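Next come the chains, spelled out residue by residue.
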Amino acid sequence: MKRFWRTIEVKVVLHMAVWALLALVGVAYYLFTDSSRAFVSLYTENCHSRMLINYEYTRRVLSDVYVQVTNNVYQIESTIDTPDDQLAQMKRIVQNGNRIHSCGMNFVRGYYPQKGDRYCPFAWRNPKNRNEIFTDEKGDHDFDYLQQRWFKAVVEGDTAEWSDPFYDGYDNTTALAAYMVPIHDRTGKAVAVLGADISLDWLSMKLAETDSTYNAQSRFISEVMGLKSESHIIDFDGKYITHHDREKMLAGNFYDYISRKDSKRKMLIERMKSRQKSSNESSESYLYRGEECYFFYTPLKYTNWMMVTVVPCRSIDMLGVQQCLRVLAIVALGFAVLLALTFYYVRRERYRAAKSRH
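For the structure given in this document, a descriptive report is provided here. Model, not experiment: these values are computed from the prediction.

A tally of helices and strands in the protein yields 8 helices and 11 strands. Residue pairs in contact within the protein that sit at least 24 positions apart in sequence constitute 59% of those at least 6 positions apart. A total accessible area of about 19,500 Å² is found for the protein, and carbon and sulfur atoms account for 54% of it.

Take a look at the structure:
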């Protein structure tokens, strides 16, 4: 055994192993200093891009509702004198809008005397069968929308807008938001509000699916360490428009979960309320529910909403560490293969030299 350790090939390999170990230490130092910061920057940019993907998807859905509503305004205003046709028009809007949960048109007081003071043709999807659409003529026996802020704002301001979130009046459990446009009579006066509703439960589910897909790519970090990213839509006052925990939707407030001990909290809230976009995410972190996190956010155009993605800093750091360890393992494997090949060739040449002398 002692003769083996004194062989030339072992001595060469041991000398090379010392230099390889020193080189490996140098590579590790470089990876966990300069390169780790580059990996963190890369992963934060990836998270920012994912937030923008959520943003674009949500904007596309909201835009589909906008297009479906505005495309029917001319037809409705052209037949404003035939109220009996309006239920069919509401049904058509719901039927053609895949993301539209319900649609209704609220008229000013007494516009059709035969229909009473309040009149609202309304259509909605059957929650148990989305292909089935119900219709109803709401009137004086239903809620008094005439005094509602949204009704006055659209009619008196003669402008379109997205409503504040609300619960479906039929089941009182489905969270909705409506895109509303004014409907005019033949003189050009705004006489009704046409609104199409989109399900916020459905939006919450789509954002949760995106988060789940992302977290599954780093399962050890998300499941074992419990470091999960989450995406929400909030209004500028911080109220959750969507949330994977249904109890917090339309009830919880995003700002309440940012630690009041965080000196940057006030400045962050001011930036978000002033409709600014996030920037330099990897250099700013906030204490969110007791965990240091990066925030990625941007306002949703034409709404009072904001898309927000929250990512624990440690999850980003761990992704950087994993990548560094992966590179370090490849380098170490390369050195091991080099040492094995060196041992093999030196030993072969030694045997050849010994044979040639005999």
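Once you've had a look at it, read on.
Within the open sheet, the 4 strands sit side by side as S8-S11-S10-S9. Their pairing is antiparallel. If you trace the sheet from one side to the other, it starts and ends with strand S8 (230-235) and strand S9 (286-288), each paired once. Taking each pair of neighbouring strands and ignoring which way they run, the sheet shows an average axis angle of 45 degrees. Pairing of strand S10 (residues 291-299) with strand S11 (residues 305-312), which is carried by 7 bridges, proceeds in the antiparallel orientation. By the bridge assignment, Tyr-294 is partnered in S11 with Val-311.

Per the counting criterion, the structure on display carries 22 aromatic pairs. Between the aromatic rings of Tyr-111 and Tyr-112, the centroid separation amounts to 4.9 Å while the plane-to-plane angle is 80 degrees, which identifies the pairing as edge-to-face. Given the relative accessible area of 5%, Tyr-112 is considered buried. Where Tyr-112 meets Tyr-119, the ring centres are 5.7 Å apart and the plane angle is 85 degrees; that geometry is what we call edge-to-face. Here Tyr-112 matches Tyr-119 in class, with each residue buried. Here the aromatic cluster, defined as three or more aromatic residues joined through ring pairs, consists of Tyr-240, Phe-254, Tyr-255, Tyr-257, Tyr-286, Tyr-288 and Phe-295.

In this structure, the largest pocket encloses a volume near 440 Å³. Lining the largest pocket are 24 residues, and of these Asn-106, Phe-143, Trp-150, Phe-166 and Asp-197 lie nearest its centre. Looking at the lining of the largest pocket, the elements that each hand over two or more residues are strand S1 (100-107), strand S2 (120-126), strand S5 (166-167), strand S6 (175-184) and strand S7 (190-199). If you tally residues by element for the lining of the largest pocket, the top one is S1, at 4 residues. For the lining of the largest pocket, the residue count by class is 13 nonpolar, 7 polar and 4 charged. Of the volumes computed, that of the second largest pocket is approximately 240 Å³. Lining the second largest pocket are 15 residues, with His-101, Arg-125, Arg-130, Ser-199 and Trp-202 positioned closest to its centre. For the lining of the second largest pocket, the class distribution of residues is 5 nonpolar, 5 polar and 5 charged.

Turning our attention to the state of the cysteines. Under the definition given, this model contains 0 disulfides. Left unpaired, Cys-103 is separated from the closest cysteine sulfur, that of Cys-120, by 8.8 Å.

Once that is clear, we can look at the nonpolar core. By size, the foremost hydrophobic cluster in this structure holds 63 residues, and its most contacted members are Leu-194, Leu-200 and Trp-305. With 12 residues, helix H2 (residues 8-78) is the single largest residue contributor to this core.

Here we take up a nonpolar patch on the surface. On the surface, Leu-333, Val-337, Leu-341, Tyr-344 and Tyr-345 cluster together into a nonpolar patch covering about 500 Å² of accessible area. Mapped onto the elements, Leu-341 comes out in helix H8 (residues 313-357). The exposure class assigned to Leu-341 is partly exposed, which follows from its relative accessible area of 42%.

The rules behind these values
Residues numbered from 1 in each chain as written. Predicted model: local features only at pLDDT ≥ 70, side-chain atom pairs only at ≥ 80, totals over all residues. Heavy atoms only, no water. Helix = DSSP H or I, 4+ residues; strand = E, 2+ residues; numbered from the N terminus. Contact = heavy atoms within 4.5 Å. Areas by Shrake-Rupley, 256 points an atom, 1.4 Å probe, with all protein chains shown as cover. Pairing = 2+ DSSP bridges. Axes fitted to C-alpha atoms, helices over the stretch in contact; angles between N-to-C directions. Phe/Tyr/Trp six-rings, centres within 6.5 Å; stacked < 30°, edge-to-face > 60°. Buried < 20%, exposed > 50% of the residue type's maximum accessible area, 1.4 Å probe, protein only. 1 Å grid on protein atoms, 1.4 Å probe; cavity = no way out; pocket = protein on both sides within 12 Å on 5 of 7 lines; lining within 4 Å. Points joined across faces, edges and corners; volume = space filled by probe spheres on them. Nonpolar A, V, L, I, M, F, W, Y, C, P; charged D, E, K, R; others polar. Disulfide = S-S within 2.5 Å. Core = buried A, V, L, I, M, F, W, Y, C linked by side-chain atoms within 4.5 Å. Patch = residues over 30% accessible without salt bridge, like charges linked within 9 Å, V, L, I, M, F, W, Y side chains within 5 Å. Salt bridge = Lys/Arg side-chain N within 4 Å of Asp/Glu carboxyl O.

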